[in-house]
Amino acid sequence: EAGVTQSPTHLIKTRGQQATLRCSPISGHTSVYWYQQALGLGLQFLLWYDEGEERNRGNFPPRFSGRQFPNYSSELNVNALELEDSALYLCASSLAPGLAGNEQFFGPGTRLTVL
Amino acid sequence: DAKTTQPPSMDCAEGRAANLPCNHSTISGNEYVYWYRQIHSQGPQYIIHGLKNNETNEMASLIITEDRKSSTLILPHATLRDTAVYYCIVRSRSGNTPLVFGKGTRLSVIA
């Protein structure tokens, strides 16, 4: 069974540009979570989508946004990039909330570098 | 904020059992204890979770105290590939919340 996949593996942008990161969940999973892991700051929750809807949002500015498509894949968009947005962006998927066994499984991440 | 407390680092000799403690004194009745690990710059890997009974799978065992205020993750025969940061996370059993990661324990397995 294929795991969570993310693309691209690496992404280099300059300040002010926009970045788009993509995630494909495990087959059968409807929930997708995005996390940011910046150097020295640990893993921080960004966004959660389930059944195409945004369910929860972490403490990040509105220029961090995303969406979930009908096939449950997801995009994370970061507008007006700042240097401190440089980080490893991790996507995780799980079964729908409330179902037994809804632990989250993570992808390998996208390393975003903002110059 | 994370609801768990873990030692920042631990060492373990290869082949020996690694026992990683976690305090979660404010855990509520509807919360599970989850363990994940992150090998350098990779995505976190799910290990195990439990509510109140001890749990075992092919990777590890989870021992939860009777009052549920602390737990221990046991890797029975640590190998060099188990070197990673281990995160203990408390999460609602409904699963309708994201994972809140603390700083975790950096386990170094030494040959």
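To keep things clear, this report deals only with the structure shown in the data block. Nothing here was measured: the structure is a model prediction, and the numbers come from that model.

1. Here we look at the environment of Pro-61 of chain A
In this fold, Pro-61 of chain A is placed in the loop between strand S6 (53–57) and strand S7 (64–68). In sequence terms Pro-61 of chain A and Val-78 of chain A are 17 residues apart; their C-alpha atoms lie 9.7 Å from each other.

2. Quick word on the environment of Ser-27 of chain A
Turning to its location among the elements, Ser-27 of chain A is positioned in the loop between strand S3 (19–24) and strand S4 (31–38). The spatial distance from the C-alpha of Ser-27 of chain A to the C-alpha of Thr-5 of chain A is 11 Å, given a sequence separation of 22 residues.

3. Concerning the sheet that holds strand S9 (residues 105–110) of chain B
Residue and element names in this part refer to chain B. Here five strands make up an open sheet; going across it, the order is S1-S9-S8-S3-S4 and the pairing mixed. Only two strands of the sheet have a single partner each, and these edge strands are strand S1 (9–13) and strand S4 (45–50). Averaged over all neighbouring strand pairs, the angle between strand axes comes to 25°, with direction disregarded. One ladder, built from five bridges, connects S1 with S9; its direction is parallel. For Ala-13, the partnering residue across the bridge sits in S9 and is Ile-110.

4. Considering the nonpolar core
With 22 residues, the main nonpolar core has Leu-21, Trp-34, Leu-46, Leu-76, Tyr-89 and Leu-112 of chain A as its most contacted residues. Elements that contribute at least two residues to this core include exactly S3, S4, strand S5 (42–50), strand S8 (74–78), strand S9 (87–94) and strand S11 (110–114) of chain A. One finds Cys-22, Trp-35, Leu-73 and Leu-75 of chain B within the second-largest nonpolar core, a separate group that totals 21 residues.

Basis of the calculations
Residues numbered from 1 in each chain as written. Chains lettered and ligands numbered in written order. Predicted model: local features only at pLDDT ≥ 70, side-chain atom pairs only at ≥ 80, totals over all residues. Heavy atoms only, no water. Helix = DSSP H or I, 4+ residues; strand = E, 2+ residues; numbered from the N terminus. Pairing = 2+ DSSP bridges. Axes fitted to C-alpha atoms, helices over the stretch in contact; angles between N-to-C directions. Core = buried A, V, L, I, M, F, W, Y, C linked by side-chain atoms within 4.5 Å. Buried < 20%, exposed > 50% of the residue type's maximum accessible area, 1.4 Å probe, protein only.

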